[in-house]
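# Secondary and tertiary structure notes
Now for the letters of each chain:
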Amino acid sequence: VNLAIKEDCEKPSGAQGKTGMRAFMVIGILHDAEQHSFMHNLESSFWVLSWIYIHYNGLQGRVV
């Protein structure tokens, strides 16, 4: 796949499945209550970084 090709990203892809870890997904997307937007990606990124911060302690490795 050539990622340099510009694609129309104005509307959702229409894919039926959801990919990703449920723990980091936005609740509105899980319940099909909202359409996906960039804000959902930002929220998911926040939760992933929070999980990493809580579960790892620098060079000592995993805490939990």
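Going by what an unreviewed UniProt entry lists, the chain is known as Fungal-type protein kinase domain-containing protein and is assigned to Clathrospora elynae.

Turning our attention to the overall build of the chain. Looking only at helices and strands, one finds 2 helices and 0 strands in the chain. Across the 64 residues that make up the chain, the buried fraction comes to 14%. Contacts spanning at least 24 positions in sequence make up 7% of the contacts within the chain whose residues lie at least 6 apart. Carbon together with sulfur atoms contributes 60% to the accessible area of the chain, which is approximately 6100 Å² in total.

Glancing now at the packing of aromatic side chains. Tallied over the full model, the rule gives 2 aromatic pairs. Arranged with centres 6.4 Å apart and planes meeting at 65 degrees, the rings of Trp51 and Tyr56 form a pair that is edge-to-face. The partly exposed category is assigned to Trp51, whose relative accessible area is 32%.

So, on to a nonpolar patch on the surface. Together, Val48, Leu49, Trp51, Ile52 and Tyr56 give the surface a local cluster of nonpolar side chains, amounting to about 440 Å² of exposed area. Among the structural elements, Leu49 can be located in helix H2 (residues 38-55).

Rules of the game
- Residues numbered from 1 in each chain as written.
- Predicted model: local features only at pLDDT ≥ 70, side-chain atom pairs only at ≥ 80, totals over all residues.
- Heavy atoms only, no water.
- Helix = DSSP H or I, 4+ residues; strand = E, 2+ residues; numbered from the N terminus.
- Buried < 20%, exposed > 50% of the residue type's maximum accessible area, 1.4 Å probe, protein only.
- Contact = heavy atoms within 4.5 Å.
- Areas by Shrake-Rupley, 256 points an atom, 1.4 Å probe, with all protein chains shown as cover.
- Phe/Tyr/Trp six-rings, centres within 6.5 Å; stacked < 30°, edge-to-face > 60°.
- Patch = residues over 30% accessible without salt bridge, like charges linked within 9 Å, V, L, I, M, F, W, Y side chains within 5 Å.
- Salt bridge = Lys/Arg side-chain N within 4 Å of Asp/Glu carboxyl O.

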